[in-house]
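# Coordinate inspection notes
The lines below spell out each chain.
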Protein chains: 2
Amino acid sequence: RAGTVVAAVGIEKEVALDEIPLTLLKEGEAHWNKPDPNNMRQRFETLIMSAQKSICKAIEDVDGNKFRQDAWKRPGGGGGISCVLSNGNVWEKAGVNVSVVYGTMPREAYRAATGESASSGGASASGDGRIPFFACGISSVMHPWNPFAPTMHFNYRYFETDAPSDAPDAPRAWWFGGGTDITPSYLFEEDMKHFHGVQKAACDKIDPAFYPRFKQQCDDYFLIKHRGERRGCGGIFYDDMNQHDKDLLFNLAQECSGAVVPAYVPLVEKRKDTPYTEEQKEWQQIRRGRYVEFNLVYDRGTTFGLKTGGRIESILMSLPLTARWEYNHEPAAGTPEADLLDACRNPRNWV
Amino acid sequence: RAGTVVAAVGIEKEVALDEIPLTLLKEGEAHWNKPDPNNMRQRFETLIMSAQKSICKAIEDVDGNKFRQDAWKRPGGGGGISCVLSNGNVWEKAGVNVSVVYGTMPREAYRAATGESASSGGASASGDGRIPFFACGISSVMHPWNPFAPTMHFNYRYFETDAPSDAPDAPRAWWFGGGTDITPSYLFEEDMKHFHGVQKAACDKIDPAFYPRFKQQCDDYFLIKHRGERRGCGGIFYDDMNQHDKDLLFNLAQECSGAVVPAYVPLVEKRKDTPYTEEQKEWQQIRRGRYVEFNLVYDRGTTFGLKTGGRIESILMSLPLTARWEYNHEPAAGTPEADLLDACRNPRNWV
């Protein structure tokens, strides 16, 4: 299983694997060595590996092409599996990553990941040392060719900090985060109602208070501040969730990741063969440019990954195959393009 | 001259102008109202406006198309002129901006602009208030269609801070910054020798110690940290320059901005009609993706502009018309693409 050392920046170089591993947890932590129903690392890893398999299968069934799998580990523990479908029949680029990270992060990255402000105290205020952490998650972005078929992103993750080395008594923190959101280039009200409806149904199974809150948080999170517009039409987003018990939050991640395929795949099946003009493709490309702007400038997962020396190709897999920036582009009033832009500027309630 | 209010995020909305103004300085500060040979605001504005005109003229002569001009002012002072040539015969996108900003910046933006660390003291450590500043500069990026013709960027700027409102006795700071750098997709040694040679000659007129230092700083600055490669093949870069007298630093900006056309235009004239394959165009597009990554993640001017509420279309004019991200792309050993990548990973000395 030993592989070749591949490029990485920062903490520890990853080692490419020749086979797909059954676990990315450290020796002795895996469920068959030390099965423990209270061990959230084990449970969450099992959840995301299973979600990766079933979601990739559903996408392959529509696209007709197979995902390429890359796996890697880090000598000190952790690793990842990237499934990427490039240049498919339906998707120009679809990726589903799982990763397990045992790391230490600089204060700055901790803040980028948690949204904690420099002055608010918290784990990062407990000393000058780096913050050791465990993180485990699944993330995915799918960009179809057809401008009428939407891009979709989801991410579900579990995070624990250990005490900093210079402050062994500092409190440990854990939290869950996640979300699923949709980025159309053209708006179909029925599609948005379907997508948001499935998100709501998944959340409602756990707590009916969740969807309205997560929908608002999603609209807030995906704001491209410098443009005053969101990258798309939202969905659900939650982060720093530790105010419920772990079982409930685990079930939430399970329901929501299980809702990805029924929420998204029918929309692509419906739109993938719609004829389109060159101008419509260009508008999609301009929206892809906004997607790049959001991910590189604001997205916590991306900026966190770039700063902590994650596997670059997996982190930037979220970027579209192609994107476009036109100077001073503004769609004419009353056009479908202006309607989409309005929905990005003034988020609507779909359900 | 009154115009329509256009969108902006942050401090103060800009107002589009119907005519190109003769000055962007505040009423009473302009040279015909209060001519003062020691007033660096006046002198630097005159320099950059004149450079904008002559450089645009030289580009138009090669391209055959004209730049579109947009001008705007802010009610509290300052403004800008953007010249953009889109969809030309030779360049897919070429832009030359001048701007004058009277603003106040949050501590964080001040640090992004100056590179000052959170703990190093300096102007931003003198209180909790925002930092008032004056900034004046020219910046430009030119992306040609032909993959054998390089992209070029330059930027020359003058910056002053005022005392923060809650610390009127804090010292004021001023500095000059600038640079010109080249981003080829394919390497021609003679082109790089020419480009760097012209930069060196311009610097040598002021101080023979400058070029080697600025060349190194350029290689350091344009590093895409998460990839361990530079966005291109360097040139010169300097920032925070206040350890010389203002006349010398003004002359440096004048020499270097005057060297832009002789350093760059001959390379484009030589390569603009070279036939190329679809694969070569795709490689250019992948390099354009790296350009986007650098600008959105690391470039001080871009991140500063996005945070301080600059005119977004002018700031992001630097992005290419189109870009591409392919998962795990690595050129085969021994190819011209691998040669370029090697030069981005291991900067060479060209002169």
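Residues numbered from 1 in each chain as written. Chains lettered and ligands numbered in written order. Predicted model: local features only at pLDDT ≥ 70, side-chain atom pairs only at ≥ 80, totals over all residues. Heavy atoms only, no water.

Right, let's talk about the layout of surface pockets for a bit. Residue and element names in this part refer to chain A. Counted as a void, the second largest pocket has a volume near 990 Å³. Along its surface, the second largest pocket is lined by 48 residues, and S99, N155, G301, F304 and G305 are the ones closest to its centre. Only β4 (91–105), β5 (131–144), β6 (151–161), β7 (174–183), β10 (235–241), α7 (278–297), α8 (300–308) and α9 (312–315) provide two or more residues apiece to the lining of the second largest pocket. With 8 residues, the top contributor of residues to the lining of the second largest pocket is β5. A class-by-class count of the residues in the lining of the second largest pocket yields 20 nonpolar, 20 polar and 8 charged. (1 Å grid on protein atoms, 1.4 Å probe; cavity = no way out; pocket = protein on both sides within 12 Å on 5 of 7 lines; lining within 4 Å. Points joined across faces, edges and corners; volume = space filled by probe spheres on them. Helix = DSSP H or I, 4+ residues; strand = E, 2+ residues; numbered from the N terminus. Nonpolar A, V, L, I, M, F, W, Y, C, P; charged D, E, K, R; others polar.)

Moving on, we get to the interface of chain A and chain B. On the side of chain B, 32 residues touch chain A, which itself brings 32 residues to the contact. Summed over both partners, the interface of chain A with chain B buries about 2800 Å², with 59% contributed by carbon and sulfur atoms. When the area that chain A buries against chain B is broken down by residue, the three leading residues are E313(A), W325(A) and Y327(A), summing to 29%. Viewed at the interface, chain B and chain A are joined by 2 salt bridges. Between R227(B) and E313(A) there is a salt bridge, and its shortest N-O distance comes to 3.2 Å. Taken together, chain A and chain B are joined by 13 residue pairs in polar contact (both at pLDDT 80 or more). Of all the elements in the fold, those that place two or more residues in the side of chain A that touches chain B are β2 (68–73), β3 (78–86), α7, α9 and β11 (322–324) of chain A. Sorting elements by how many residues they give to the side of chain A that touches chain B places α7(A) first, with 4 residues. Here the side of chain A that touches chain B is built from residues that sort into 15 nonpolar, 7 polar and 10 charged. (Contact = heavy atoms within 4.5 Å. Buried area = accessible area lost by both parts, 1.4 Å probe. Salt bridge = Lys/Arg side-chain N within 4 Å of Asp/Glu carboxyl O. Polar contact = N/O pair within 3.5 Å; in protein donor to acceptor, adjacent residues only side chain to side chain.)

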